[in-house]
Amino acid sequence: MVLVGLVVGAAVALVALLIPWLPTAASTEAGPIDQVYWFVTGICIFVFALVAAVSAYSVWKFRAAPDDHEDGKPIHGNTRLEIIWTLVPTILVTAISIYSGIALASVQEPSPDARTIKVTAQQFAWNFAYPNLSGRSTGDLVVQVDKPVVLEMTSKDVIHSFWVPQFRMKQDVVPGINTQVPFTPTKVGTFPVICTELCGLGHPTMRAEVRVLSAADYATWASQEKGGTATTGAGGGDAGKAAFEQFGCSSCHTLADAGSTAQVGPDLDKVLKGKDADFVRTSIVDPNKEIATGYQPGVMPQEFGDQVPEQQLDALVDYLVKATNG
Ligand code: CUA
């Protein structure tokens, strides 16, 4: 019995330790959060193994013999046992609370030299604005490795939630209030930004990327952004395509030219074929005016007329007409 228990316990512990269950940890905050995770999981494994072993042993040891038709002995409680099974969980839960509280306090305090980035969420896209780069904004988050960042987040419509699994940090993005999430990326690379609050039809497509750049690459990128020649800059032939990404069109619509395959809204390659600039513009600023067959009114946000600056709207319309008729 003891031998079997030890063998099974060792096997389970090996599985728990050897398989990389969690995604790569790519921020300084990931350390304390993973420690809490394994602390709690370790306690759970131990308690489960203990309860399962005692239960299995009792079922085997105290089973009724085939010819035993007697009632069990009447038992009236066991004070010592009851104290133990109240005290032990109390200690464990208190320990978990204190440990989690310490870890939470350590990861929620933004570093004093953190760079602020303003995040705006809307159905179904992310926008990241950089006050240190004259407020330029991108559809993908760009940060510098080992440089602390604090995201100040708000939403234009419903509750969304910002999550990068590799950073371990997760924070709701709520209309009307500003929420914060600090982190310091520690690995150069590209990681997914995931909306993790059910926010409407396009929720599963509300993804972006966070690009963690080396100090040199970040400096190059920042100077390009400031100079206005970068990915989302105005002007140039790609401005319309960039706006298509930046304002989240690609989260909902298929458009071959932009490489997007989302199916929340109509396939633009089909519904815009043969349409002129006026139709495209109206469809963006007043989407309920004409609804494509098989789709519902009110799904596409109504505010693009206010949100998209005139110059970018022109570029977007121009781009869409060319991309679908061309
Ligand atoms: Cu935004 Cu789900």
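Here goes a summary of the coordinates provided. (Residues numbered from 1 in each chain as written. Predicted model: local features only at pLDDT ≥ 70, side-chain atom pairs only at ≥ 80, totals over all residues. Heavy atoms only, no water.)

Section: the side chain of arginine 168
- As for its position among the elements, arginine 168 is in the loop between β6 (160-163) and β7 (170-173).
- For arginine 168, a relative accessible area of 14% translates into the label buried.
- Within the structure, arginine 168 has its side chain in polar contact with the backbone oxygen of proline 23 (distance 2.7 Å).
- Among the polar contacts listed, one links the side chain of arginine 168 to the side chain of aspartate 34, at a separation of 2.7 Å. (Helix = DSSP H or I, 4+ residues; strand = E, 2+ residues; numbered from the N terminus. Buried < 20%, exposed > 50% of the residue type's maximum accessible area, 1.4 Å probe, protein only. Polar contact = N/O pair within 3.5 Å; in protein donor to acceptor, adjacent residues only side chain to side chain.)

What about the packing of aromatic side chains?
- Considering all chains together, one arrives at 10 aromatic pairs under this definition.
- Between phenylalanine 39 and tyrosine 99, the ring centres sit 4.6 Å apart and the planes meet at 90 degrees, which makes this aromatic pair edge-to-face. Placement of the pair is phenylalanine 39 in helix α2 (residues 30-61) and tyrosine 99 in helix α3 (residues 79-108), with a sequence separation of 60 residues.
- The class of phenylalanine 39 is partly exposed, set by a relative accessible area of 31%.
- Here the aromatic rings of tyrosine 218 and tryptophan 221 are separated by 5.5 Å at their centres, their planes lie at 45 degrees, and the arrangement is tilted. Of this pair, tyrosine 218 and tryptophan 221 both sit in helix α4 (residues 215-227), 3 residues apart, roughly one helical turn.
- The buried category is assigned to tyrosine 218, whose relative accessible area is 5%. (Phe/Tyr/Trp six-rings, centres within 6.5 Å; stacked < 30°, edge-to-face > 60°.)

Quick look at the side chain of asparagine 127
- Within the secondary structure, asparagine 127 is located in strand β2 (residues 125-130).
- Apart from residues lying up to four places away in sequence, asparagine 127 is in contact with Lys118, Val119, Thr120, Ser137, Thr138 and Gln246. (Contact = heavy atoms within 4.5 Å.)

Let's talk about a nonpolar patch on the surface
- On the surface, Val15, Ile19, Trp21, Tyr37 and Trp38 cluster together into a nonpolar patch covering about 500 Å² of accessible area.
- Classification of isoleucine 19 by relative accessible area gives partly exposed; the value is 40%. (Patch = residues over 30% accessible without salt bridge, like charges linked within 9 Å, V, L, I, M, F, W, Y side chains within 5 Å. Areas by Shrake-Rupley, 256 points an atom, 1.4 Å probe, with all protein chains shown as cover. Salt bridge = Lys/Arg side-chain N within 4 Å of Asp/Glu carboxyl O.)

Description of helix α10 (residues 310-324)
- Here α10 is 15 residues long and its end C-alpha atoms lie 21 Å apart, about the 21 Å a rise of 1.5 Å per residue gives.
- All of the buried residues along α10 are Gln312, Leu313, Leu316, Val317, Tyr319, Leu320 and Thr324. Taken end-on, α10 shows its buried residues confined to a sector of 165 degrees, consistent with a single buried face. Projecting away from the buried face of α10 at angles above 90 degrees are the exposed residues Glu310, Gln311 and Lys322. (Expected span 1.5 Å × (residues − 1). Arc of directions from axis to C-beta.)

Quick notes on the pattern of salt bridges
- The tally for this structure, following the rule as stated, stands at 8 salt bridges.
- With a shortest N-O distance of 3.1 Å, glutamate 225 and arginine 136 are connected by a salt bridge. In this pair, glutamate 225 sits in helix α4 while arginine 136 sits in strand β3 (residues 136-138), placing the two residues 89 residues apart along the sequence.
- By relative accessible area, arginine 136 is classed as partly exposed at 22%.
- Here aspartate 257 makes a salt bridge to lysine 241, at a shortest N to O gap of 3.9 Å. Separated by 16 residues along the polypeptide, aspartate 257 in the loop between β11 (254-255) and β12 (260-261) and lysine 241 in helix α5 (residues 239-246) bring together distant segments of the chain.
- Salt bridges sharing partners connect three or more residues here, namely Arg281, Glu310 and Asp314.

Focus: the pairing of β7
- Judged from the 4 bridges that link them, β6 and β7 form a sheet pairing that is antiparallel. Bridge assignment links serine 161 to a residue of β7, and that residue is aspartate 172.
- The loop that links β6 with its antiparallel partner β7 comprises 6 residues; one of these, arginine 168, has a positive phi angle of about 70 degrees. (Pairing = 2+ DSSP bridges.)

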